[in-house]
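What follows is each chain in one-letter form.
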Amino acid sequence: PDKYSGLDRIIRRTELSSITGWLTSPELPQELYFDDASDSEEKLYYYGVFTEVKPFVVSGEIYGIELTFTCSSQYAFTQKESYTCADGSSVIINNTSDEWEKSVYPFLEITPTATGEVIISNTTIGKSLKFNGKNQNIVYIDCKNNIVYDKAGVLKYSDLGWGVDTIGSFWWPELVHGNNTISVSGANLKLTCQYP
């Protein structure tokens, strides 16, 4: 109302169609956040889809839109946080999630420093992930969705030296609630996650 008055406030049918298409076209959950939080407040992110767009009509003209956003999770999320860990070192990551009984599964960007074995460990829980890396060939691991790929595309498990015997004991890197000591050898690691 401060910026628009009279006819400037009317949303035309073509504008409504564009807005509706933009909001309802994504079939997979998308990120939604609000910019009205003060600097002292933590910005929260929601994931979901817009499931309904209803125009607010007065005297046959559209003056607003009522939107229904259906979340894919019962939680809001913190902003994405990234941590780095150089070859041969470790980093402590504090999983501040409000969900104490579930792990957070991060996104990993792994840059092997030589051709050979790469080991990523969470020494807090005593679990490790090992694979064969190629010098400077960045490997991306989406631990939440169990996807491994590089710049050329999705990698086969055999490309990483994983076989049938490996799959039974396979561990997707995770962060349990509280402090996690993550160590890496054979590569540099960038770990990105959001906490519920």
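So, here's what we can say about the structure.

A look at the sheet that holds strand β13 (residues 187–193)
Logical step 1: If you trace the six strands from one edge of the open sheet to the other, you get β4-β13-β6-β9-β10-β11, paired in antiparallel fashion. The open sheet terminates on both sides in strands that have one partner only, identified here as β4 (81–85) and β11 (153–154).
Logical step 2: Note: β4 against β13, five bridges, orientation antiparallel. Note that in β13 the partner of Thr 84 across the bridge is Lys 190.

Observations regarding the environment of Ser 82
Logical step 1: Among the secondary structure elements, Ser 82 is positioned in strand β4.
Logical step 2: On the accessibility criterion, Ser 82 (44% relative accessible area) is partly exposed.
Logical step 3: Residues Ser 82 and Leu 191 lie 109 residues apart in sequence; the distance between their C-alpha atoms is 5.5 Å.
Logical step 4: For Ser 82, the residues in contact, after removing those within four places along its chain, are Lys 190, Leu 191 and Thr 192.

Digging into the pattern of salt bridges
Two side chains of opposite charge can pair, provided their charged atoms sit close to one another.
Logical step 1: Enumeration according to the criterion identifies one salt bridge in this entry.
Logical step 2: With a closest N to O distance of 3.9 Å, Lys 54 and Glu 66 form a salt bridge. Pair noted here: Lys 54 is in strand β2 (residues 45–58) and Glu 66 is in strand β3 (residues 61–71), with a separation of 12 residues, a long-range link.
Logical step 3: Among the residues examined, Lys 54 registers a relative accessible area of 36% and is labelled partly exposed.
Logical step 4: Looking at Glu 66, the relative accessible area reads 48%, which means it is partly exposed.

Brief notes about the pairing of strand β6 (residues 107–112)
Logical step 1: Across four bridges, the pairing between β6 and strand β9 (residues 139–142) is antiparallel. Across the sheet, the residue bridging to Glu 109 is Tyr 140, located in β9.
Logical step 2: The pairing of β6 with β13 spans six bridges and is antiparallel. Bridge pairing in β13 links Thr 111 to Asn 188.

Analysis parameters
- Residues numbered from 1 in each chain as written.
- Predicted model: local features only at pLDDT ≥ 70, side-chain atom pairs only at ≥ 80, totals over all residues.
- Heavy atoms only, no water.
- Pairing = 2+ DSSP bridges.
- Helix = DSSP H or I, 4+ residues; strand = E, 2+ residues; numbered from the N terminus.
- Buried < 20%, exposed > 50% of the residue type's maximum accessible area, 1.4 Å probe, protein only.
- Contact = heavy atoms within 4.5 Å.
- Salt bridge = Lys/Arg side-chain N within 4 Å of Asp/Glu carboxyl O.

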